[in-house]
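Read off the chains here:
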Amino acid sequence: MKKAILIYYSYSGNTKYIASKLEARLGLDSFEITPLKEYTKDVNGLINQTRNNQKDKPCTDIKGCTINFDNYDTVIIGTPVWWYTIPPTTRTFLKEYDLTGKLIIPFITSGSDRGESLEEIEKLCVGSEVKGEGFFQFDMKKGMVSKEEDIDYWIESVKEILAD
């Protein structure tokens, strides 16, 4: 069985919801990516703050991670989508930490679609194999839209990947 760690960033709690289910069901070690300066909780303010995320692909300072990635074969990455790609916090993590040779299993949460988020993860994880993507939708007012059975099905598929 592959040894896996769960790394995720969650702004509104939707990505954290999926991460907590995954962590509980598979007994994973985990690390939540945290920006040094928190983003505004006002969605309109966040939109203004991150308007150029897709075009400029900015990074942001994040709290340090002391994980020894040599202890893991697989890194499960959870991220929301901002402006059709990954947010600056996730981008910073993937640029700062070398995941070469690891199996990367991404899961993505979005209010609309995944945009170019998977492609950006693949570009930033050069030398790694990326597979087993999970995609989950939510509504900013209602919360998770994806069905629980779809989430559970994806978690079971991750379990199978880790068993290989």
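Above this text is the structure in question.
Conventions adopted
Per chain, the residues get numbers from 1 upward, laid out in the order the sequence is written. For this predicted model, a pLDDT threshold of at least 70 governs which residues receive local features, and a threshold of 80 or more governs which side-chain atom pairs are given and counted, while totals over whole chains, interfaces and linings are taken from all residues. Hydrogens and waters are ignored; side-chain quantities use all the structure's heavy atoms. Runs of E in the DSSP output that reach at least two residues are strands. Runs of H or I that reach at least four are helices, and both are numbered from the N terminus. As a reference, a globule follows 2.2 Å times the number of residues to the power 0.38, and the radius of gyration itself is taken over C-alpha atoms. Exposed residues in this analysis have more than 50% of their type's maximum accessible area, buried residues have under 20%, and partly exposed residues fall in between, with area computed by a 1.4 Å probe over protein chains only. Method for areas: the Shrake-Rupley scheme with a 1.4 Å probe, in which residue coverage is limited to the protein chains shown. Two aromatic rings, drawn from Phe, Tyr or Trp (for Trp, its six-membered ring), form a pair once their centres lie within 6.5 Å of each other, and the interplanar angle then sorts them: stacked below 30 degrees, edge-to-face above 60, tilted otherwise. The arc in question is formed by the directions pointing from the helix axis toward the C-beta atoms. Throughout, a contact is declared for two residues whenever any of their heavy atoms are within 4.5 Å. Put simply, a salt bridge is a Lys or Arg side-chain nitrogen that is within 4 Å of an Asp or Glu carboxyl oxygen. Side-chain atoms within 4.5 Å link the members of a nonpolar core, which is a set of buried Ala, Val, Leu, Ile, Met, Phe, Trp, Tyr and Cys residues. For a helix, the expected span equals 1.5 Å multiplied by the number of residues minus one. Pairing between strands requires that DSSP locate at least two bridges from one strand to the other. Crossover handedness is defined here as right-handed if the route from the first strand over the helix to the second strand goes clockwise, with the strands pointing away from the viewer.

A. Representation of the overall build of the protein in the model. Within the protein, the regular secondary structure consists of 6 helices and 7 strands. Ordered by position from N to C terminus, the α and β elements of the protein give β-α-β-α-α-β-α-β-α-β-β-β-α. For 164 residues, the compact-globule formula gives about 15 Å, and the C-alpha radius of gyration of the protein, at 15 Å, lands near that figure. Each of the three principal axes of the protein carries a C-alpha extent, and together these read 45 × 35 × 25 Å. Among the 164 residues that make up the protein, the fraction classed as buried is 46%. On the protein, roughly 8,400 Å² of surface is accessible, and the fraction owed to carbon and sulfur atoms is 47%.

B. Layout of the packing of aromatic side chains. Per the counting criterion, the structure on display carries 8 aromatic pairs. Pairing Tyr 11 with Trp 82 gives two aromatic rings, centres 5.7 Å apart and planes at 90°, and the pair type is edge-to-face. A residue pair is termed long-range when its members are at least 10 positions apart, and Tyr 11 in the loop between strand 1 (4-8) and helix 1 (14-26) and Trp 82 in the loop between strand 3 (74-80) and helix 4 (88-96) qualify at 71 residues. The pair formed by Tyr 11 and Trp 82 is uniform in burial state, with each residue classed as buried.

C. Structural detail: helix 5 (residues 117-124). Buried within helix 5 are the following residues: Ser 117, Leu 118, Glu 120 and Ile 121. Along helix 5, the residues classed as buried sweep out an arc of 160° about the axis, all on the same side. Looking at the packing, one finds that the buried side of helix 5 touches strand 3, helix 4, strand 4 (103-110) and strand 5 (129-130).

D. Structural detail: the pattern of salt bridges. Scanning the model with the defined rule gives 9 salt bridges in all. The residue Lys 3 makes a salt bridge to Asp 29 at a minimum N-O spacing of 3.6 Å. Placement of the pair is Lys 3 in the segment before strand 1 and Asp 29 in strand 2 (residues 29-32), with a sequence separation of 26 residues. Assessed through its relative accessible area of 41%, Lys 3 is described here as partly exposed. The exposure class assigned to Asp 29 is partly exposed, which follows from its relative accessible area of 33%. One continuous salt-bridge network, built from bridges that share partners, spans Lys 21, Arg 25, Glu 148, Asp 152 and Glu 156.

E. Expanded view of the nonpolar core. Of all hydrophobic cores here, the largest spans 23 residues; its most connected members are Ile 7, Phe 69, Val 75, Ile 77, Phe 93, Leu 94 and Leu 99. Residues in contact with Leu 99, not counting those within four places in the same chain, are Phe 69, Val 75, Ile 77, Leu 94, Ile 104, Cys 125 and Ser 128. In terms of nonpolar packing, the next biggest core, distinct from the first, is built from 19 residues, Ala 19, Leu 22, Leu 103 and Ile 161 among them.

F. Layout of helix 1. Compared with an ideal rise of 1.5 Å per residue, which puts 13 residues at 18 Å, helix 1 spans 19 Å between its outermost C-alpha atoms and is within 8% of the ideal. Those residues of helix 1 not exposed but buried are Asn 14, Thr 15, Ile 18, Ala 19, Lys 21, Leu 22 and Leu 26. For helix 1, the arc enclosing every buried residue in end-on projection is 160°, short of the 170-degree limit, so these residues lie on one face. Where the residues of helix 1 are buried, they touch strand 1, strand 3, strand 4, strand 6 (134-139), strand 7 (143-144) and helix 6 (148-163). Gly 27 sits one or two positions beyond helix 1 and adopts a positive phi of about 60°.

G. Looking closely at the pairing of strand 1. Taken across its 5 residues, strand 1 has 5 buried, putting it largely inside the fold. Side-chain alternation along strand 1 places Ala 4, Leu 6 and Tyr 8 on one buried face and Ile 5 and Ile 7 on a second face that is also buried. In this sheet, strand 3 lies alongside strand 1 in parallel orientation, the contact comprising 5 bridges. Note that in strand 3 the partner of Tyr 8 across the bridge is Gly 78. Note: strand 1 against strand 2, 4 bridges, orientation parallel. Considered in strand 2, the bridge of Ile 5 is made with Asp 29. As for the winding sense of the linkage, the β-α-β connection from strand 1 through helix 1 to strand 2 is right-handed.

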